[in-house]
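Residue-level listing of the chains:
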Amino acid sequence: MFLSREAFATVVESTPLISIDLVVENERGEYLLGRRNNRPAQGYWFVPGGRVQKDETLAHAFERLTEGELGCKIPMDQGQFYGVWQHFYDDNFAGDAFTTHYIVLGFRLKVNTSDLHLPDEQHADWRWQKPEAVLNSEDVHSNTLAYFDKARHAGVPGL
């Protein structure tokens, strides 16, 4: 189900959105980041991911998002649940005067880079980085930095 721009603006202004973020690691221990084309977080480097749609199971959303963001459909059971996160943004997709709030289900994935076919619809560019480089990058969004900052996710198995 797709909403009109006006209806979606009302949703974003009124309620949190549910999304899935993919913390994707390659065979060299590097993590995938894309530079966002769209608001919110436009221009920042961010992990791939996207919204869960109305009446869509999480398993279907996971497969749709991996196919759309990574160029290959990956079943949800190949990911490792990485916790529930909250993302707050001062802007929104429309550039109007309201904030955006996401409840994010994080998943870690290990992939072979040769299996990916990275699209350019949501991201202007892609890069692979080691966790230390991610944490030291000024152009990585704070919501993505949280996935690599052990102090911010104590108790969540991870990096």
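Values in this document were obtained by computation on a predicted structure and should not be read as measured data.

A. Local environment of the UniProt feature "binding site: Mg(2+)" (unreviewed entry) in the protein. Residues given the UniProt feature "binding site: Mg(2+)" (unreviewed entry) here are Gly49, Glu69 and Gln122. In terms of the greatest pairwise C-alpha distance, the residues named above, spread along 74 residues, form a tight cluster of at most 9.6 Å across. Following the sequence through the fold, Glu69 ends up in helix α2 (residues 58-70). Take Glu69: its relative accessible area is 6%, and that puts it in the buried class. What Glu69 contacts, discounting residues up to four positions off in sequence, is Pro48, Gly49, Leu118, Pro119, Gln122, His123 and Trp126. There is a polar contact of 3.1 Å between the side chain of Glu69 and the backbone nitrogen of Gly49. Using a relative accessible area of 33% as the deciding quantity, one classes Gln122 as partly exposed.

B. Examining the pattern of salt bridges more closely. Counted by the stated rule, this structure contains eight salt bridges. Arg28 is the partner of Glu27 in a salt bridge, and the nearest nitrogen-oxygen pair spans 3.3 Å. Of the residues examined, Arg28 reaches a relative accessible area of 43% and is grouped as partly exposed. Across the pair Arg64 and Glu56 runs a salt bridge, and its minimum N-O distance is 2.7 Å.

C. The side chain of His141, seen in detail. If you trace the backbone, His141 turns up in the loop between α3 (131-135) and α4 (142-148). A polar contact is formed between the side chain of His141 and the backbone nitrogen of Asn143, at a distance of 3.0 Å. The contact partners of His141, leaving out residues within four places of it in the chain, are Ala41, Tyr44, Trp45, Phe46 and Tyr89.

D. Representation of unusual backbone geometry within the structure. Geometrically, the link from Arg39 to Pro40 is a cis peptide bond, its omega value of -10° lying close to zero. Within the element layout of this structure, Pro40 appears in the loop between β2 (31-36) and β3 (45-46). Residue Ala41 is not a glycine yet carries a positive backbone phi of 65°. Positionally, Ala41 belongs in the loop between β2 and β3.

E. Quick look at the packing of aromatic side chains. For the structure on display, the rule yields eight aromatic pairs. Between Phe62 and Phe107 the ring centres are 5.2 Å apart and the planes differ by 75°, which places this aromatic pair in the edge-to-face class. Linking Phe62 in helix α2 with Phe107 in strand β6 (residues 100-110), this pair joins segments that are 45 residues apart in sequence. In this pair, the class of Phe62 matches that of Phe107, namely buried. Ring geometry for Tyr82 versus Trp85: centroids 5.9 Å apart, planes at 40°, classification tilted. No difference in accessibility class separates Tyr82 from Trp85, as the two residues are buried. Aromatic ring contacts, followed pair by pair, group Phe62, Phe81 and Phe107 into a single cluster. One Lys or Arg, Arg108, reaches over the ring of Tyr82 and ends 5.5 Å from the middle of that ring.

Conventions we followed
- Residues numbered from 1 in each chain as written.
- Predicted model: local features only at pLDDT ≥ 70, side-chain atom pairs only at ≥ 80, totals over all residues.
- Heavy atoms only, no water.
- UniProt positions renumbered as here; feature names shortened; annotations may be inferred.
- Helix = DSSP H or I, 4+ residues; strand = E, 2+ residues; numbered from the N terminus.
- Buried < 20%, exposed > 50% of the residue type's maximum accessible area, 1.4 Å probe, protein only.
- Contact = heavy atoms within 4.5 Å.
- Polar contact = N/O pair within 3.5 Å; in protein donor to acceptor, adjacent residues only side chain to side chain.
- Salt bridge = Lys/Arg side-chain N within 4 Å of Asp/Glu carboxyl O.
- Phe/Tyr/Trp six-rings, centres within 6.5 Å; stacked < 30°, edge-to-face > 60°.
- Lys NZ or Arg CZ within 6 Å of the ring centre and 35° of its normal.

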